[in-house]
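Residues per chain are reported as follows:
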Amino acid sequence: MSGRFWTTIYLVFILWPVPRYLESGPAPAEAALVAAGIAAFAVLYLRVMWTALARPHENATPVALALLWVVTALLAFPLRELWLFASLFLLISALAASLETRAFTASVGVTFAGTLAVLPLLGLPLSEFWWIPTQALLFAGAMGNFLSLRRANLALTRARVRAERLAIDNERLRFARDLHDILGHSLSVMTMKSQLAARLVPADPARARAEMGEVEELSRQALSEVREAVAGYRALSLTEELLNARRALEAAGVRLEVVTDPIPPGAASLFAWVVREGATNVVRHSHAATCQVRFGVDAAHAYVEMTDDGRGPATSAEGRGLRGLTERMQAVGGTLYGSPAPGGGFRLRARLPLEECV
């Protein structure tokens, strides 16, 4: 059933009973009818099989399949046991290719019963020719097992394709999230420093040049981080992100306070993302004067907490970075949530189970 070539080659077996039939001296009209019947069997068989090659186990040829049964039974009378022996293999192959498991099992049962009924009509005692229905039944069982294995392989292939597609989609989301976090922070700081430099040009050109130098340094750093993200290596340094956050916040006029207790090394990279995103949000939205970052460990979690004294929680339009950071934390069993801070402002808090910090 692997191709049209082989399904056509197999038809040579239906010519096996012809020499003995011709030796019996049939009338020309009868011989012509038998030849037409054999040709009809071949056409119907190819119709069913070639259709099944494109649409396996979807019986798009019910009429052809029914006629194939009828022709097989009718040709058994002139061609006798040799025809039954040869044609049943082809008939069962056609049934297996075009029908689902339940329909195939039922059709094999009908074929087996029909063979048992035809043998006495041909004058062939079942005690002597029992091997004809038996071999048909054994072949059907073998075909059923083969098709079950093939269906299982196809299901595994489809599952693997779906898993690969999901992995690709998840990697695209991860990459998009990384780029948003990297460029969102860097571009915000660069914008802030550029605006500051523009204001300083008339009054303090030297300070303006220094600020633009930092903008150039930030752009190079952002380019380097984008290249790292493309290469798939994203492990932020918490120390570097705290320094970057301090520079960004100071440029926006926000004083940064850091209160830290020892945290597991495995939490540092994830908390660096929290510091990066939190600092970006403070610069963009808070209008705060101070921002405090606190690290620590409680009974079962490591945590980082960023609190500012600004105008309060960001609007939903300002929360895309936080949604990406939430997904990043959830992927390793952590949590991230923001809420109004006591006395005003905004508090961002991330928690990571200690068992995930190894």
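For clarity, every value in this text was computed on a predicted model and none was experimentally measured.

Draft legend 1. The overall build of the chain, seen in detail. The helix and strand inventory of the chain stands at eleven helices and five strands. Relative to its length of 358 residues, the chain is extended, with a C-alpha radius of gyration of 39 Å against a globular reference of 21 Å. With the C-alpha coordinates of the chain rotated into their principal frame, the extents come out at 120 × 50 × 30 Å. For the chain, restricting intrachain contacts to residue pairs at least 6 apart in sequence, the fraction spanning at least 24 positions comes to 72%. Accessible surface computed for the chain: about 18900 Å², of which carbon and sulfur atoms make up 64%.

Draft legend 2. How the structure looks around the environment of Phe295. Mapped onto the elements, Phe295 comes out in strand 2 (residues 290-297). By relative accessible area, which is 2% here, Phe295 ends up buried. It is 84 Å that separates the C-alpha atoms of Phe295 and Trp130, two residues lying 165 residues apart in sequence. When near neighbours in sequence (up to four residues on either side) are disregarded, Phe295 contacts Leu238, Leu242, Val258, Val259, Thr260, Asp261, Ile263, Phe271, Val275, Tyr303 and Val304.

Draft legend 3. Quick look at the pattern of salt bridges. Counted by the stated rule, this structure contains eleven salt bridges. The salt bridge involving Glu305 is made with Arg349; its shortest N-O contact spans 2.5 Å. Within this pair, whereas Glu305 is found in strand 3 (residues 301-308), its partner Arg349 is found in strand 5 (residues 346-353), the two being separated by 44 residues in sequence. Among the residues examined, Arg349 registers a relative accessible area of 15% and is labelled buried. Counted as one network, the salt bridges with shared partners bring together Lys193, Arg207, Glu211 and Glu214.

Draft legend 4. Seen up close, the environment of Gly310. If you trace the backbone, Gly310 turns up in the loop between strand 3 and helix 11 (320-330). Looking at Gly310, the relative accessible area reads 17%, which means it is buried. A C-alpha to C-alpha distance of 81 Å links Gly310 and Thr8, two positions 302 residues apart in sequence.

Draft legend 5. Inspection of the nonpolar core at higher detail. If you look at the biggest cluster of nonpolar residues, it comprises 43 residues, and the most contacted ones within it are Leu11, Ile14, Phe41, Tyr45 and Phe104. The greatest single-element share of this core, amounting to 17 residues, is contributed by helix 4 (residues 62-98). Contacts of Tyr45, omitting those with residues within four sequence positions, involve Thr7, Tyr10, Leu11, Leu68, Leu90 and Ala94.

Draft legend 6. Representation of the packing of helix 3 (residues 28-54) against helix 4 within the structure. Contact geometry of helix 3 with helix 4 gives a least axis separation of 8 Å together with a crossing angle of 15 degrees. With respect to their mutual orientation, helix 3 and helix 4 come out roughly parallel. Handedness of the crossing formed by helix 3 with helix 4: left-handed. Across the contact of helix 3 with helix 4, the residue classes tally to 20 nonpolar, five polar and two charged.

Draft legend 7. Focus on the pairing of strand 4 (residues 335-340). Here strand 4 pairs with strand 5 via six bridges, running antiparallel. Among the inter-strand pairings, Leu336 is bridged to a residue of strand 5, identified as Ala350. A loop of five residues connects strand 4 with strand 5, the two strands running antiparallel in sequence, and Gly343 in this loop sits at a positive phi of about 80 degrees.

Draft legend 8. Spotlight on unusual backbone geometry. Positive phi, close to 60 degrees, is recorded for Arg80, a residue that is not glycine. Mapped onto the secondary structure, Arg80 falls in helix 4. In this model, His287 sits at a positive phi of 55 degrees, which is unusual for a non-glycine residue. By the element assignment, His287 lies in the loop between helix 10 (265-286) and strand 2.

Draft legend 9. Quick peek at empty space enclosed by the protein. This structure, assessed with the given rule, holds three cavities of 30 Å³ or more. Lining the second largest cavity, in full, are Gly278, Asn281, Val282, Cys291, Met306, Thr307, Asp308, Phe346 and Leu348. Listing elements by their share of the lining of the second largest cavity, those giving two or more residues are helix 10, strand 3 and strand 5. Classifying every residue of the lining of the second largest cavity gives five nonpolar, three polar and one charged.

Draft legend 10. Layout of the layout of surface pockets. In this structure, the largest pocket occupies an estimated 210 Å³ of space. Together, 13 residues line the largest pocket, and Tyr10, Phe89, Leu90, Ser93 and Phe139 are the ones closest to its centre. Only helix 3, helix 4 and helix 7 (131-200) provide two or more residues apiece to the lining of the largest pocket. Among the elements that take part in the lining of the largest pocket, helix 4 stands out by supplying five residues, more than any other. For the lining of the largest pocket, the residue count by class is twelve nonpolar, one polar and no charged.

Draft legend 11. Local environment of the side chain of Arg349. Side chain to side chain, Arg349 and Glu305 meet in a polar contact 2.5 Å long. Those residues within four positions of Arg349 in sequence are excluded, and the remaining contacts are Tyr303, Val304, Glu305, Thr335, Leu336 and Tyr337.

Scoring rules and cut-offs
- Residue positions are given per chain, counting from 1 as you read along its sequence in written order.
- Reporting of local features is limited, given that this is a predicted model, to residues whose pLDDT is at least 70; pairs of side-chain atoms are given and counted only at 80 or more, and all residues count toward the totals for whole chains, interfaces and linings.
- Each side-chain value is worked out from all heavy atoms of the structure, with water and hydrogens disregarded.
- The numbering of helices and of strands both runs from the N terminus, where a helix is a DSSP run of H or I of at least 4 residues and a strand a run of E of at least 2.
- Between the two quantities, the radius of gyration covers C-alpha atoms and the globule rule is 2.2 Å times the number of residues to the power 0.38.
- The contact rule is simple, with two residues in contact once any of their heavy atoms fall within 4.5 Å.
- Residue exposure ignores everything except the shown protein chains as possible cover, and the areas themselves are Shrake-Rupley values with a 1.4 Å probe.
- The rule is simple: take the accessible area with a 1.4 Å probe, protein chains only, and divide by the maximum for that residue type; under 20% is buried, over 50% is exposed, in between is partly exposed.
- By convention in these notes, a salt bridge is any Lys or Arg side-chain nitrogen within 4 Å of a carboxyl oxygen on Asp or Glu.
- Only buried residues count toward a nonpolar core, which is a set of Ala, Val, Leu, Ile, Met, Phe, Trp, Tyr and Cys residues joined through side-chain atoms within 4.5 Å.
- Here, axes are lines fitted to C-alpha atoms. For helices the fit covers the stretch in contact, and angles between N-to-C directions go from 0 to 180 degrees.
- Oblique is the label for every angle not falling under 35 degrees (roughly parallel), over 145 degrees (roughly antiparallel), or within 65 to 115 degrees (roughly perpendicular).
- Handedness of a crossing follows from how the near helix is turned relative to the far one, being left-handed for an anticlockwise turn of less than a right angle and right-handed for a clockwise one.
- The classification used treats Ala, Val, Leu, Ile, Met, Phe, Trp, Tyr, Cys and Pro as nonpolar, Asp, Glu, Lys and Arg as charged, and all other residues, Gly among them, as polar.
- In this description, strands pair whenever DSSP reports at least two bridges between them.
- For each structure, a 1 Å grid was placed over the protein atoms alone; sets of points admitting a 1.4 Å probe that cannot get out are labelled cavities, open sets with protein on both sides within 12 Å along at least five of seven lines are labelled pockets, and lining residues have an atom within 4 Å of a point.
- Grid points are joined across faces, edges and corners, and a volume is the space filled by probe spheres set on the points.
- Here a polar contact means two N or O atoms within 3.5 Å. Within protein one must be a hydrogen donor candidate and the other an acceptor candidate, and residues neighboring in sequence count only if both atoms are side-chain atoms.

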